Amino acid sequence: MTYQLLLLRHAKSDWSVDMDDFFRPLKKRGRRAAKQVGRWLSTQHLIPDTILSSPATRALETAQHVCRQLDIDESSIICEPRIYEADAQTLLAVLKNRCHERCVLLVGHNPGLEELLLKLILHPVPLSANGKCLPTAALAQLAFESDWAELTDARLVTLIRPDSLPE
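The rules behind the values
- Residues numbered from 1 in each chain as written.
- Predicted model: local features only at pLDDT ≥ 70, side-chain atom pairs only at ≥ 80, totals over all residues.
- Heavy atoms only, no water.
- Helix = DSSP H or I, 4+ residues; strand = E, 2+ residues; numbered from the N terminus.
- Buried < 20%, exposed > 50% of the residue type's maximum accessible area, 1.4 Å probe, protein only.
- Contact = heavy atoms within 4.5 Å.
- Phe/Tyr/Trp six-rings, centres within 6.5 Å; stacked < 30°, edge-to-face > 60°.
- Pairing = 2+ DSSP bridges.
- Right-handed = clockwise from strand over helix to strand, strands pointing away.
- Disulfide = S-S within 2.5 Å.

A look at the environment of K35
No. 1: Take K35: it is sitting in helix α1 (residues 28-43).
No. 2: The partly exposed category is assigned to K35, whose relative accessible area is 33%.
No. 3: Along the backbone, K35 and K119 are 84 residues apart, and their C-alpha atoms lie at a distance of 28 Å.
No. 4: When residues no more than four places from it in sequence are discounted, the contact partners of K35 are H65 and Q69.

Below is the structure:
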């Protein structure tokens, strides 16, 4: 059986507001990018069985915008505190319990998401213009044959960045 892991870095957050990092909201550009990613997922018929999100405001808002585009009830988002500031090992631990899902969307942060992506695939990932694998609102679609508990050797199916998507 083939499983799908969708790694989505939160969309662009608003640094103009003076608040704690955890509570920073999305910028207008970030909201637009999150909607674009949600529309792309819809057109590809990539509807996650489970959506796991960092509880940080910018990640949760990103997940909510994606849900609206996929016509998924936002209450189905599972806020997982371990995703905030997580490294690759922690993110793998979060995913290990997803035994019944075929497709999981994980909405989180760098550098942990990039570390996880590079750990799971066997070849280099093309970098964006700013030198990152996963700039804000980038989505990596991975496929793998092992189950979630032994998630290894994933294949990068596609890497979508908002600047490559239609408005």
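Re the environment of F23
No. 1: Its location among the elements puts F23 in the loop between β1 (3-9) and α1.
No. 2: As a C-alpha pair, F23 and R58 span 35 residues in sequence and 7.3 Å in three-dimensional space.

Section: unusual backbone geometry
Most peptide bonds take the trans configuration, and most residues that are not glycine carry a negative phi.
No. 1: A cis geometry characterises the amide bond from N110 onward to P111, with omega recorded as 5 degrees.
No. 2: With respect to the element layout, P111 can be found in the loop between β4 (103-108) and α4 (112-120).
No. 3: In this structure, E85 is a non-glycine residue whose phi angle is positive, near 60 degrees.
No. 4: Along the chain, E85 turns up in the loop between β3 (77-79) and α3 (88-95).
No. 5: Residue classification places E85 among the exposed residues on the basis of a relative accessible area of 64%.
No. 6: Of note in the backbone geometry, D153 takes a positive phi value of approximately 45 degrees without being a glycine.
No. 7: Here D153 is to be found in the loop between β5 (139-144) and β6 (155-160).

Some words on the packing of aromatic side chains
No. 1: Scanning all chains against the criterion turns up five aromatic pairs.
No. 2: When the centroid spacing of 5.1 Å and the interplanar angle of 75 degrees are considered together, the rings of F22 and F23 count as edge-to-face.
No. 3: You can call F23 partly exposed: its relative accessible area is 49%.
No. 4: For the ring pair F22 and Y84, a centre distance of 5.0 Å and an interplane angle of 85 degrees mean the geometry is edge-to-face. Placement of F22 in the loop between β1 and α1 and of Y84 in the loop between β3 and α3 is noted, with a sequence separation of 62 residues between them.
No. 5: On the basis of relative accessible area, Y84 is assigned to the buried category, the value being 18%.
No. 6: Linked through ring pairs, Y3, F144 and W148 together constitute an aromatic cluster.

Side note on the pairing of strand β2 (residues 50-53)
No. 1: Because side chains alternate across β2, one face comprises the buried residues T50 and L52, and the other comprises I51 and S53, equally buried.
No. 2: Note: β2 against β4, four bridges, orientation parallel. The residue bridging T50 from the neighbouring strand is V104, located in β4.
No. 3: The pairing of β2 with β3 spans three bridges and is parallel. The residue of β3 that forms the bridge with S53 is C79.
No. 4: Crossover handedness for the path β2 to helix α2 (residues 57-70) to β3: right-handed.

Examining the state of the cysteines
No. 1: One pass over the structure, following the stated rule, counts zero disulfides.
No. 2: Note on C67: no disulfide assigned, nearest cysteine sulfur contributed by C79 at a separation of 10 Å.
No. 3: C67 sits in the buried class, given a relative accessible area of 0%.
No. 4: This cysteine, C103, is not joined by any disulfide, and C67 carries the nearest cysteine sulfur, 12 Å off.

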